[in-house]
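Chains, contacts and geometry: an overview
Residue-level listing of the chains:
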Amino acid sequence: MTILHIDSSINGDNSASREVSSSIVNQLKGALWGEKVIHRDLAADPLPHLTLEAFADTSTLDEFMAADTIVIGAPMYNFTLSTQLKSWIDRLMVAGKTFRYTENGPEGLAGGRRVIIAIARGGVYSADAPAAALEHLETYLRGVFNFMGIEPEFVIAEGLNLSPDHRVAAIEQAIGETFRLAA
Ligand SMILES: Cc1cc2nc3c(=O)[nH]c(=O)nc-3n(C[C@H](O)[C@H](O)[C@H](O)COP(=O)(O)O)c2cc1C
C-alpha cells in the first residue's frame, strides 16, 4: 500500500496546509501497517509548466496511478490553487489514462483511489460567506478528481488571516478532523 503525499505551499515551515497534510499522513500511517510514503514537495522541487513535450514524461502520472491513497496540501493563492499544484494536475489529466470520452460523455478511469486534500485559506468561503463566489480551489479540485472518477475528501482550515488566534484555532480544528480520517 502506497501513500503519495503532495505539498505545494510556498510558505515552508509556516505553512498551514503542510501542517494539516502531514497530520493526515501520520494518522493514516498510524492506522495501517507497512505503508510506504512518497513525499513530493512541489515548491522545493517544482514541475515545469506544461508543454506538449512534457506529456512524453509519464513519471508523475505513473506515480499517481501506483498510489492507493493520495494526500494533498493545497493552499489558496489568489482564490485558487498554487501554480505548483496546477502543474502537477496538468500531468494527471491525460485522456485514455485518468479519463476518457465516450458516447455518453466523459468517464473517469482513476477510481478506487482515496484522495484526501488539506486546504488552507486566509479568508472564509463557506456557502453563506460573502466571498463564497470567489472559491475556486475546493470546487476546482473536486471537479478535477470527480472527472477522474474519484470523490475527494477535504479537511479545511480557513479564516487563517483573520487574526493570530483564529489561525491557531482553525489549524487545531483541522488537525482534529484528521484524526477521524484514519478511523
Ligand atoms: C500569494 C498569496 C496569495 C493568497 N491569496 C489568498 C486568497 O486569494 N484568498 C485567501 O483566502 N487567502 C489567500 N492567501 C492566504 C493563504 O491562503 C493562507 O496564508 C494559507 O495559510 C496558505 O496556505 P499555506 O500556509 O499552506 O501556504 C494568499 C497567500 C499568499 C501567500
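The notes below deal with the structure included here.

Calculation criteria
Residues numbered from 1 in each chain as written. Predicted model: local features only at pLDDT ≥ 70, side-chain atom pairs only at ≥ 80, totals over all residues. Heavy atoms only, no water. Helix = DSSP H or I, 4+ residues; strand = E, 2+ residues; numbered from the N terminus. Rg over C-alpha atoms; globule rule 2.2 N^0.38 Å. Buried < 20%, exposed > 50% of the residue type's maximum accessible area, 1.4 Å probe, protein only. Contact = heavy atoms within 4.5 Å. Polar contact = N/O pair within 3.5 Å; in protein donor to acceptor, adjacent residues only side chain to side chain. Core = buried A, V, L, I, M, F, W, Y, C linked by side-chain atoms within 4.5 Å. Axes fitted to C-alpha atoms, helices over the stretch in contact; angles between N-to-C directions. Parallel < 35°, antiparallel > 145°, perpendicular 65-115°, else oblique. Nonpolar A, V, L, I, M, F, W, Y, C, P; charged D, E, K, R; others polar. Phe/Tyr/Trp six-rings, centres within 6.5 Å; stacked < 30°, edge-to-face > 60°. Near = heavy atom within 4 Å. 1 Å grid on protein atoms, 1.4 Å probe; cavity = no way out; pocket = protein on both sides within 12 Å on 5 of 7 lines; lining within 4 Å. Sits in = over half its atoms within 2 Å of the grid points.

Regarding the overall build of the chain
If you tally the helices and strands in the chain, you get 5 helices and 7 strands. Its helices and strands taken in sequence order, the chain reads β-α-β-α-β-α-β-β-β-α-β-α from the N to the C terminus. Taken over the C-alpha trace, the chain has a radius of gyration of 16 Å; the compact-globule value for 183 residues is 16 Å, and the two agree within 12%. When its C-alpha atoms are laid out on the principal axes, the chain stretches across 50 × 40 × 35 Å. Out of the 183 residues in the chain, the part that is buried amounts to 43%. Restricting to contacts in the chain with at least 6 residues of sequence separation, those with at least 24 account for 78%.

Quick notes on the side chain of S9
Tracing the backbone through its elements, the reader meets S9 in the loop between β1 (2-7) and α1 (16-31). For S9, a relative accessible area of 2% corresponds to the buried category. Here S15 takes part through its side chain, which lies 3.3 Å from a polar atom of the side chain of S9.

Remarks on the nonpolar core
Judged by nonpolar contacts, the single largest core of 26 residues is most densely connected at F64, I72, L85, W88, I117, L141 and F145. Within the residue set of this core, elements represented by two or more residues are β1, β3 (69-75), α3 (83-92), β6 (114-120) and α4 (138-147). No other element matches α3, which puts 4 residues into this core. Leave out the neighbours within four places in its chain, and I72 touches I6, S21, L85, W88, V115, I116, I117, A118 and F145.

Focus: the environment of L50
Along the chain, the position of L50 falls in the loop between β2 (36-41) and α2 (59-66). What makes L50 partly exposed here is its relative accessible area of 33%. Separated by 41 residues in sequence, L50 and R91 have C-alpha atoms that sit 7.6 Å apart. In contact with L50, not counting residues within four places along its chain, are F55, D90 and R91.

So, the packing of α2 against α3
The geometry of α2 relative to α3 is characterised by a closest axis approach of 8 Å and an angle of 80 degrees between their N-to-C directions. Classified by the angle between their axes, α2 and α3 sit roughly perpendicular to one another. Two secondary-structure elements touch here, α2 through T60, L61 and F64 and α3 through W88, R91 and L92. Class assignment of the residues belonging to the contact of α2 with α3 gives a composition of 4 nonpolar, 1 polar and 1 charged.

Observations regarding the packing of aromatic side chains
Using the criterion set out here, one finds 5 aromatic pairs in the structure. Aromatic side chains F64 and W88 sit 6.0 Å apart centroid to centroid with 80 degrees between the ring planes, which places their arrangement in the edge-to-face category. Here F64, found in helix α2, pairs with W88, found in helix α3; they are 24 residues apart in sequence, far enough to count as distant. Considering the side-chain rings of Y101 and F147, the 6.4 Å spacing of their centres and the 70 degrees angle between planes classify their relative orientation as edge-to-face. With Y101 in strand β4 (residues 99-102) and F147 in helix α4, this pair connects stretches of sequence that are 46 residues apart. Relative accessible area serves as the criterion here: at 60%, Y101 is assigned to the exposed category.

Considering the site of the ligand
In the vicinity of the ligand there are 18 residues, among which S9, S15, S17, M76 and G123 approach most closely. Interatomic distance of 2.9 Å between a backbone N/O atom of A16 and an oxygen atom of the ligand. Note that an oxygen atom of the ligand is positioned 2.8 Å from one of the backbone N or O atoms of F79. Comparing atom positions with the cavity grids shows the ligand to sit within the largest pocket. A per-class count over the shell around the ligand returns 8 nonpolar, 8 polar and 2 charged.

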